[in-house]
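Here are the chains, one letter per residue:
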Amino acid sequence: MAEYDDYDSTGPEEDTVDVRQMFLDWLTGHLATVEVVGTKPTPWCTQWWLHPEVVARFKALWQASMQADASVMDGDAGAVSSWWINHWDRHAAVIFDKGNGPFRDCDPDQGHLYRRKDTTAQIVPAAMPPDDVELS
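Definitions and cut-offs
Residues numbered from 1 in each chain as written. Predicted model: local features only at pLDDT ≥ 70, side-chain atom pairs only at ≥ 80, totals over all residues. Heavy atoms only, no water. Phe/Tyr/Trp six-rings, centres within 6.5 Å; stacked < 30°, edge-to-face > 60°. Helix = DSSP H or I, 4+ residues; strand = E, 2+ residues; numbered from the N terminus. Buried < 20%, exposed > 50% of the residue type's maximum accessible area, 1.4 Å probe, protein only.

### A word on the packing of aromatic side chains
The geometry of two aromatic rings is summed up by the distance between their centres and the angle between their planes. Following the criterion strictly, the structure yields eleven aromatic pairs and no others. Look at tryptophan 26 and tryptophan 83: their rings are 6.2 Å apart centre to centre, the planes differ by 85°, and that puts the pair in the edge-to-face class. In this pair, tryptophan 26 is assigned in helix 1 (residues 19-31) and tryptophan 83 in helix 3 (residues 79-95), connecting sequence segments 57 residues apart. For tryptophan 83, a relative accessible area of 4% corresponds to the buried category. With 6.3 Å between their ring centres and 25° between their planes, tryptophan 44 and phenylalanine 96 make a pair best called stacked. Of this pair, tryptophan 44 sits in the loop between helix 1 and helix 2 (52-73) while phenylalanine 96 sits in the segment after helix 3, and the two are 52 residues apart along the sequence. On the accessibility criterion, tryptophan 44 (22% relative accessible area) is partly exposed. Judged by its relative accessible area of 5%, phenylalanine 96 falls in the buried class. An aromatic cluster of three or more residues is present, and its members are Trp26, Trp44, Trp83, Trp84, Trp88, Phe96 and Phe103.

Shown next, in the form of C-alpha cells:
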C-alpha cells in the first residue's frame, strides 16, 4: 500500500499527517461497527491487503466517507446515510460475496487463497490487443 505513504499537509516545518495510518484507523474502526448479514460465515482474508480490488474499494469507501462527513459539516444532514446506501452497501455486497467476491478462495483460519489450486494465475488474464484494434 505504497500509495498511503506519509503526506505532508502543512509544510516542511510542521508535523506530517500519516495518511496510511488514518486510512487503517478508519478501516479497522469501520469494520468493527458493521455486521455482514446473509453470508455465514462471512468471507474474509486476514491478508486483505493482498487483494488489489479490496484495497481499491476500501480506499474509495474511505474517501467517500470523508467527503460525506464534510458534507454534514456543510449542512447536508443526509450525507452519511447516503454514503451507507450508495457506497458501503454496494461495495460490501461485492467484497463479502461468498461465491464471486475477492475473498471467495480465502479462509479466515486457513489463509490467503487457501482454496485456489493455482495461486499464481491471474483471475482475469489480460493481454494486449493487436495493434490493428482501435480502442478509442
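Alright, that's what it looks like, and here's the rest.
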